[in-house]
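What the coordinates show
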Amino acid sequence: MSFVAKRIPDEVISDVRNSVNITDIVSEYVQLHKQGRNYFGKCPWHEERTASFSVNEEKQIFHCFSCGRGGNVFQFLIDILNISFPEAVIKIAEQQNIPIDEQYLKNEQAPKPKGKEAAIYDLYQQAAKLYHHMLVNTQAGDAALNYLTGRGLGRDLIDTFNLGYAPTNELLLPYFQEKGIEYTVLRDSALFIEDDEGQLHDRFTNRVLFPIRNMAGQVVAFSGRRMANDDSPKYINSPESAIFKKSQELFNLDLAKQMIRKSKTVFLFEGYMDVLAAYTTGLPNGVASMGTSLTPEQVGILTRFAEILIIAYDDDEAGQKATARAIKLVQAHSNKLAIKVVRLAEKLDPDEYLKKYGATALQNALQHSLETPLTFMRKYLRNNYNLANEAEKLAYIEAILKVIAQSPNQIERQIQVNELATEFAIKATTLEQQLSHFEQEPQNDQRGHANPLSVTKNKQLIQAPPLKSYSRIERAQRTLLLWMIHDPLVWQNVTALDDFHFSQVEYETLFLMAQGYKTMYQTFDLGAFLDFIQDPNLISKMSELENDPLISAPQLSIVPELIQIITKEIPLATQIATTVADINEAKQLGNNELLLQLTNQYISLLREQQASRQ
């Protein structure tokens, strides 16, 4: 979408901003927990084990105490979705059914997004639209459409997921060439394969296509399922590109995230068809990793939205190995996600189960045929041992006891021990004695990683925001600036002084911005002021000031003291720093007479500084 240069009216922006609660918007992307007056979660822009990302519902702002990002609801969408300010306003307006005049939405003369990444995003959007058209509206796509409907997918579902078809003959390259798209953009998009002579060819031909969308709903890649009965790979996927990093994307997260957040539960599937199968049963909160190898980045993403992770990989050997890896990975990188494992009958995957038993049976199985990680690991480990052999039987019992020893659930531990005792005709007390031995030391797997069941905490760690250390002078500037912005009397007292200014550029700039804002508006509104600032760094700085717990409510009686520190101590501090530099230079030159003179000057300045603080 492009926009005219004319700004959306302030009253419209204000109406849109005031129509939503920032907590509701942020919660679509970050799992928040109430602590005191604020909400906390893990920052979506950097990895962290404790929650330092804060949402202040009273002030309608967010702030990360680790990376410093901050702002109002518009700035959050700008940062999280990489969109412009007008796009953020319009996105919320559309959600709240607030009409925006057409003149602010589009204009043929408006500049198009710049940069190769923007161009590649546009190529994928066009490609997805073209491939979907080929599937549902052309004779060439009939076979692919029949294949999908034969798998139980209705037209509504096909449209919802924007499934497509790449025909046998090349389609995409001539389509874009006719539009005059540059060769380098086409090559870097990863939509095409480059041969030895530098010629481009469609990457996908005669395949059903599953668009891969990022969290914002933008198409960033495709996965193509072959239609021909040949020796080619069953699935081929887009390689990584400027807009696609497979370790950071999850199929269907953009559509599933609201239900995941609402239910606090996410289903993790092995394949795209499994996600679609669950969707048809009324379980839209399913996602699939890009292949069976879950990544730490994907675990981090899921942790923001969910509290319960239900792993529903295939029940074949590869799927079970992937499940075991996923359990270890999740427990190693998340102290919040509680894991459950789906075990479908007859080793069927969800898509196969749907075809054989129907939607209701699949929904019941996904919700109720669940095992704990401990039960899964006990059954999984059995496959590694020949229990008919006495030595291997003992090795298996020892291996599973080591796993049980690390489980935090005392009741489940007792159940597992009792079942082992019954299965192998061993006294439960004997197993408990051996179990207590393994409890004394941490258990590692063969690669040296902690046992996946050793993590005991299931609540998100929320750490008190770290208090930054500021000098007396900077603390005075921070306090006075915030008081001035919020209190008209403090503002009036300070601005009445001749030549008053803040010594640090960011504070002085915010002061000047506040001057401009106050000449245009009679009352101060924090959200509107953040929109007025526009500069992301200054918005973050203002949000940091608003979240500084050491800045109290304005106190007019203390204002003169703050002014004294800023106007008197800052020049003294500058003189002292200059004198120290001159003393060091005199020492290097061996000028003892000058050194004595500078030392006396330094002592005098220190006395003056001390007197100014009394």
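This section reports on the structure supplied with the text. (Residues numbered from 1 in each chain as written. Predicted model: local features only at pLDDT ≥ 70, side-chain atom pairs only at ≥ 80, totals over all residues. Heavy atoms only, no water.)

1. A look at the state of the cysteines
Applied cut-off: Only a pair of cysteine sulfur atoms within 2.5 Å counts as a disulfide in this structure description.
Per the counting criterion, the structure on display carries 0 disulfides. You can see Cys-43 has no disulfide; the closest cysteine sulfur is in Cys-64, sitting 3.7 Å from it. With no disulfide of its own, Cys-64 lies closest to Cys-67 among cysteine sulfurs, the gap being 3.6 Å.

2. Observations regarding the sheet that holds strand 3 (residues 53–56)
How we decide: Pairing between strands is defined by DSSP: at least two bridges between the two strands are required. Secondary structure elements follow DSSP: runs of H or I no shorter than four residues count as helices, runs of E no shorter than two count as strands, and numbering proceeds from the N terminus. We call two residues in contact whenever any of their non-hydrogen atoms come within 4.5 Å of each other. Every angle, taken between N-to-C directions, lies between 0 and 180 degrees, and every axis is a line fitted to C-alpha atoms, over only the stretch in contact when it is a helix.
A sheet is described by the order of its strands in space; here 5 strands give the open sequence 1-2-3-4-5, paired in antiparallel fashion. Looking at strand neighbours, the two that pair on one side only are strand 1 (33–35) and strand 5 (70–71), the edges of this open sheet. With 3 bridges joining them, strand 1 and strand 2 (residues 38–41) adopt antiparallel strand pairing. Among the inter-strand pairings, Lys-34 is bridged to a residue of strand 2, identified as Tyr-39. The sheet contacts of helix 3 (residues 73–81) involve strand 3, strand 4 (61–64) and strand 5, and relative to strand 4 the element is tilted by about 50°.

3. A closer look at the pairing of strand 12 (residues 265–269)
Stated formally: Any residue under 20% of the maximum accessible area for its type is buried, any over 50% is exposed, and the rest in between are partly exposed; the area is computed with a 1.4 Å probe on protein chains only. Looking down the strands as they point away from you, a crossover is right-handed if its path from the first strand over the helix to the second goes clockwise.
Counting buried positions along strand 12 yields 5 of 5 residues, so the element is predominantly enclosed. Of the crossover connections in this fold, the one passing from strand 12 over helix 11 (residues 272–280) to the parallel strand 13 (residues 286–288) is right-handed.

4. A closer look at the packing of helix 17 (residues 390–405) against helix 18 (residues 410–424)
The cut-off we apply is this: Oblique is the label for every angle not falling under 35 degrees (roughly parallel), over 145 degrees (roughly antiparallel), or within 65 to 115 degrees (roughly perpendicular). Only Asp, Glu, Lys and Arg are considered charged in this grouping, and only Ala, Val, Leu, Ile, Met, Phe, Trp, Tyr, Cys and Pro are considered nonpolar; every other residue, Gly among them, is considered polar.
Helix 18 packs onto helix 17 with a crossing angle of 170° between their chain directions and a minimal axis gap of 10 Å. Considering the angle they form, helix 17 stands roughly antiparallel to helix 18. Note on element contacts: helix 18 touches helix 17 through Arg-413, Gln-416, Leu-420 and Phe-424, opposite Lys-393, Tyr-396, Ile-397, Ile-400, Leu-401, Ile-404 and Ala-405. In the contact of helix 17 with helix 18, the residues fall into 8 nonpolar, 1 polar and 2 charged.

5. Concerning the nonpolar core
Our working rule: Within this scheme, the nonpolar core is defined by two criteria: the residues are buried Ala, Val, Leu, Ile, Met, Phe, Trp, Tyr or Cys, and they are joined through side-chain atoms within 4.5 Å.
If you look at the biggest cluster of nonpolar residues, it comprises 75 residues, and the most contacted ones within it are Phe-53, Phe-76, Leu-77 and Val-287. The element contributing the most residues to this core is helix 17, with 7 residues. The contacts of Phe-76, once residues within four sequence positions are left out, are Ile-25, Val-26, Tyr-29, Val-30, Pro-44, Trp-45, Phe-53 and Phe-62. Judged by nonpolar contacts, the second largest core, of 62 residues, contains Leu-157, Leu-173, Phe-269 and Ala-312.

6. Topic: helix 3
For an α-helix the count is 3.6 residues per turn, leaving residues at separations of three or four pointing the same way. Condition: N or O atoms within 3.5 Å of each other form a polar contact, as long as, within protein, one can give a hydrogen and the other can take it, and as long as residues adjacent in sequence are counted only when both atoms are side-chain atoms.
The buried fraction of helix 3 is high, at 7 of 9 residues. Inspection of helix 3 places Val-73, Phe-74, Gln-75, Phe-76, Leu-77, Ile-78 and Leu-81 among the buried residues, and these make up the whole buried set. Two or three places before Phe-74, at the opening of helix 3, Asn-72 has a side-chain oxygen 3.2 Å from that residue's backbone nitrogen. Count one or two residues on from helix 3 and you reach Asn-82, which has phi positive near 55°.

7. Overview of the packing of helix 22 (residues 505–520) against helix 24 (residues 536–546)
For the pair helix 22 and helix 24, interaxial distance at closest approach is 11 Å and the crossing angle is 90°. In terms of orientation, helix 22 and helix 24 fall into the roughly perpendicular class. Here Glu-506, Tyr-507, Thr-509 and Leu-510 of helix 22 lie close against helix 24, whose contacting residues are Leu-538, Lys-541, Met-542 and Leu-545. Its residues assigned to classes, the contact of helix 22 with helix 24 shows 5 nonpolar, 1 polar and 2 charged.

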